[in-house]
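A look at the structure
One letter stands for each residue in the lines below.
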Amino acid sequence: MLLRTTDGTHMVGAWWDAVPAFLIAVGILVVPGAAVVAAGWGVRRVGPLLFAPALSVSIVGVSAVLAPLVGLRWGLLPVAVVAAVAVGIAGAIRLIREPQRPSADRTALRVTAAIVALVACAVIGIQFATAFGAPDTIAQRFDNIVHLNTVRYAIETANASPFSIGATSDIPFYPSGWHAPAALTAALSGASVPIVVNAVNLAIVAVLWPTGNLALAAQLFPGRRIALVAAGMLATGFGAFPALFYNWGVLYPNALGYALIPAALASLVLLRHVSGGRQRVLAALLLAAMMVGVFLAHPNAFVATFAFAGAYLVADLVVVAVRRRTRLAIALAAAAPVILLAAGAALWRVATTNAAVWGWTPWESTSSALYHALTVTPRGYVPTAVIAVSLLLGFVALVRRPQRIPLAMPFAVATLLYVLAAGTSVDNPLRAVLTDPWYSDPNRLAALLPIAAIPIATLGITDLASAIPRWTRTWWVSAQASRRPTAWANAGLVAAGAVLASAALGPNVSMALAQVHEAHQYRDDALLLTAEERAVLERLSTYAEPESLIIASPRTGANLAYAFTGIPVTEPHIFGLPDGDETFLAQNLSRIDADPAVCAAVSRVGVDYVVDFGSRDVMGTTDPAGHGGIVNLDEGQHLTLVDAEGPDARVFRIRGC
């Protein structure tokens, strides 16, 4: 068993045991996409290479959909086949001759991108490894019940299709973009579900998230090394994303979908600015692949991407129309809003969730919500100085250079959505309509703010970097810079990187990471599993047969027996739809010695064991909520205690039915 202490030395030792699973997860998020990028664009251009992790997500997601349709079990083979097809298509397009081939990026730009990517990945990896505490912890949160059990279901069935994994929630479709790489990592590494989940989440936050921001910076600020430094370091400093989703919910599929948004926006910017038919075809296919990946990660991430991309595109077309003043440019600028509004209305109609059912209420006043949106400090996160200054510089740059307004439009959309959800009444019809795809939940919309803010902050830093040489034109500085321009430029980048890297230690992200750490603790008052309950689950497979069936309350974490052992449970998720006998047993099993109907139901369902973790509920109450018959049980004629640890963790064998 791995050590669960938060002592630094022991934590490093524990994480060392999870390195194989983490490296496999990173490989899944890098290799397929990198192969496609190399075939289509080569390896000497920074921009396309930064799309590799996001493109890998799309390839893995599509593979998971197609595998069962052609009779393949979930594993490396379907991913390899889809990746090979994508490589073939990209390579064939690259063979098309064009009068002018894109030139390779400067070596300095490639080196800068590589260094920044590695530093950002390392910093975020350390942040979240520390927050998780140990590789085998779990988030003690409501939604983690279904995510852990769904990963196990995909492993056991060798099927990670979104049309299959919904079985754990008794729904016909559930996006599997996150569960598919998790199940694949488990199959390749042999690691436990908790370790696999943490390894995949680390790969998402430490590889996919920063490289996506670098990809967007590379497209918005082509050739600017300082933009890569700024975007990479700023990605380490926000609490609202990605840290929030590893405490609130937890929302793993949403986290993956949101982490893809920067790369998806970057692919749109690339399409807007490339020249030549071959490059346009590659960029268009890349954009399509990005959108497919985002949708398979989570539909509301797709809606957010559509809103961000639509706002950017309309503003960009308007800027072009004002600059060129041609009939075509003006027509495009006029038609785009109409077309996108119509498409958006149709998309919103499909994405309706009936948010009124969920009951998420506003947090604050409208003015307070606007302040927290503009400063990217929702949920009481404290501003971090370097981020606040960068954002302020970005806003100033937008005022000075209105042609840059398109890159700020996603932030305008994110601000509007957050203010509506967090700062206006539930009776506000605009709130109900616009925020419904996110269940009108301020948390889900707060997480969009950092994604949209980073380009503005990056603009502020790049403008400042451009202005500094003009402010320092003394004779000595000019003389030194003219003699060793590369050395001075590199020194400036290092200095800027060091200052911006302080964002990773700032209060904004530190508060959120502390909450993530609190969520990943096996404490006596843990909402899902205490250390004793975890130990009982780990021992289950030593005496329970794999074909056994367990009944357990999903509200106490006891049904995580499936995630830990692969032994089926009657209710993998709180929101499942148990049949009549299962419902009857959940309410009446405690009466098994007195009521023959209970034994009859046990026989029909085929239940063998009861895992009883008491009546403490994941929502923090002691209400058994329809499961009063399978908590706080006593031994009897039909119930034999086979394992116990601590005050509440017990397993009973059902006999004589």
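Residues numbered from 1 in each chain as written. Predicted model: local features only at pLDDT ≥ 70, side-chain atom pairs only at ≥ 80, totals over all residues. Heavy atoms only, no water.

To continue, consider the overall build of the protein. In terms of regular secondary structure, the protein is built from 27 helices and four strands. In terms of overall size, the protein behaves like a compact globule, its C-alpha atoms giving a radius of gyration of 26 Å where 657 residues would be expected to give roughly 26 Å. For the protein, the C-alpha atoms occupy an extent of roughly 95 × 50 × 50 Å along the three principal directions. Taken over 657 residues, the protein has a buried fraction of 57%. Long-range contacts, defined here as pairs at least 24 residues apart, represent 75% of the contacts in the protein between residues at least 6 apart. Only carbon and sulfur atoms are counted for the fraction: they give 65% of the accessible area of the protein, which is about 26000 Å². One way to put it: in the protein the 41 positive side-chain charges average out to a point 27 Å from where the 37 negative ones average out. (Helix = DSSP H or I, 4+ residues; strand = E, 2+ residues; numbered from the N terminus. Rg over C-alpha atoms; globule rule 2.2 N^0.38 Å. Buried < 20%, exposed > 50% of the residue type's maximum accessible area, 1.4 Å probe, protein only. Contact = heavy atoms within 4.5 Å. Areas by Shrake-Rupley, 256 points an atom, 1.4 Å probe, with all protein chains shown as cover. Lys, Arg positive; Asp, Glu negative; His and termini not counted. Charge placed at Lys NZ, Arg CZ, Asp CG, Glu CD.)

Our next topic: helix H10 (residues 225-234). At 3.6 residues per turn, the α-helix brings residues three or four places apart onto the same side. In terms of residue burial, H10 counts as a mostly covered element, since 10 of its 10 residues are buried. Here H10 has its buried residues at Arg225, Ile226, Ala227, Leu228, Val229, Ala230, Ala231, Gly232, Met233 and Leu234.

Turning our eyes to something else, we now look at the environment of alanine 64. Topologically, alanine 64 is positioned in helix H4 (residues 52-66). Considered as a pair, alanine 64 and valine 79 are 15 residues apart in the sequence and their alpha carbons are 7.9 Å apart.

All told, the structure shown has one disulfide when counted by the stated rule. Through a disulfide, cysteine 599 is tied to cysteine 657; the S-S separation comes to 1.8 Å. On the sign convention where negative means left-handed, the S-S torsion of about -70° between cysteine 599 and cysteine 657 marks this disulfide as left-handed. Of this pair, cysteine 599 sits in helix H27 (residues 596-605) while cysteine 657 sits in the segment after strand E4 (649-654), and the two are 58 residues apart along the sequence. (Disulfide = S-S within 2.5 Å.)

Now for the packing of helix H11 (residues 252-273) against helix H13 (residues 299-324). Running from N to C, H11 and H13 point in directions that differ by 25°, and their axes come no closer than 9 Å. One finds that H11 runs roughly parallel with respect to H13. In the crossing of H11 with H13, the sense of the turn from one axis to the other is right-handed. Between H11 and H13, the contacting residues are Asn254, Gly257, Tyr258, Ile261, Ala264, Leu265, Leu268, Val269, Arg272 and His273 on the first element and Asn300, Ala301, Ala304, Thr305, Phe308, Ala309, Tyr312, Leu313, Asp316, Leu317 and Val320 on the second. For the contact of H11 with H13, the residue count by class is 14 nonpolar, five polar and two charged. (Axes fitted to C-alpha atoms, helices over the stretch in contact; angles between N-to-C directions. Parallel < 35°, antiparallel > 145°, perpendicular 65-115°, else oblique. Left-handed = near helix turned anticlockwise from the far one by under 90°. Nonpolar A, V, L, I, M, F, W, Y, C, P; charged D, E, K, R; others polar.)

How two aromatic rings sit relative to each other is given by the distance of their centres and the angle of their planes. A complete count under the given rule lists 18 aromatic pairs for this structure. Between the aromatic rings of phenylalanine 132 and tyrosine 246, the centroid separation amounts to 6.2 Å while the plane-to-plane angle is 65°, which identifies the pairing as edge-to-face. In this pair, phenylalanine 132 sits in helix H6 (residues 107-132) while tyrosine 246 sits in the loop between H10 and H11, placing the two residues 114 residues apart along the sequence. Both residues of the pair, phenylalanine 132 and tyrosine 246, belong to the buried class. (Phe/Tyr/Trp six-rings, centres within 6.5 Å; stacked < 30°, edge-to-face > 60°.)

Taken as a class, soluble globular proteins show a tendency for nonpolar side chains to be buried jointly. Counting residues in each nonpolar core, the largest one holds 193 residues, and the members touching the most others are Trp74, Tyr258 and Leu448. Here this core gets 20 residues from one element, more than from any other, and that element is helix H9 (residues 193-220). Ignoring anything within four residues of it in the chain, the contact list for tyrosine 258 reads Phe241, Phe245, Asn300, Ala301, Trp438, Arg444, Ala447, Leu448 and Ile451. Judged by nonpolar contacts, the second largest core, of 18 residues, contains Leu585, Ile630, Leu639 and Phe652. (Core = buried A, V, L, I, M, F, W, Y, C linked by side-chain atoms within 4.5 Å.)

In terms of burial, E4 is largely enclosed, as five of its six residues are buried. In this structure, strand E2 (residues 609-612) lies alongside E4, joined through four bridges in antiparallel fashion. Looking across to E4, one finds that tyrosine 609 is bridged to arginine 653. Bridging between strand E3 (residues 639-645) and E4 involves six bridges; their strand directions are antiparallel. Within the sheet, the bridge partner assigned to leucine 641 lies in E4 and is phenylalanine 652. Taken together, E3 and the strand that follows it, E4, pair antiparallel across an intervening segment of three residues, in which glycine 646 is found at a positive phi of about 75°. (Pairing = 2+ DSSP bridges.)

Another aspect to go through is the confidence of the model for the protein. Mean pLDDT for the protein: 91, with 93% of residues reaching 70 or above. Predicted confidence for residues 1-10 stays below pLDDT 50, and this span has 20 contacts to residues more than four positions away or in other chains. (pLDDT = per-residue confidence, 0-100.)

Attention shifts here to the pattern of salt bridges. Evaluated as defined, the whole model comprises 17 salt bridges. Where arginine 444 meets aspartate 441, a salt bridge forms, and the shortest distance between an N and an O atom there is 2.6 Å. In this structure, arginine 444 and aspartate 441 share a single accessibility class: buried. Two residues, aspartate 612 and arginine 650, come together in a salt bridge whose shortest N-O distance is 2.9 Å. With aspartate 612 in strand E2 and arginine 650 in strand E4, this residue pair connects regions lying 38 residues apart in the sequence. Its relative accessible area of 0% is what places aspartate 612 among the buried residues. On the accessibility criterion, arginine 650 (18% relative accessible area) is buried. One salt-bridge network, in which partners are shared between bridges, spans Arg141, Glu518, Arg523 and Asp525. (Salt bridge = Lys/Arg side-chain N within 4 Å of Asp/Glu carboxyl O.)

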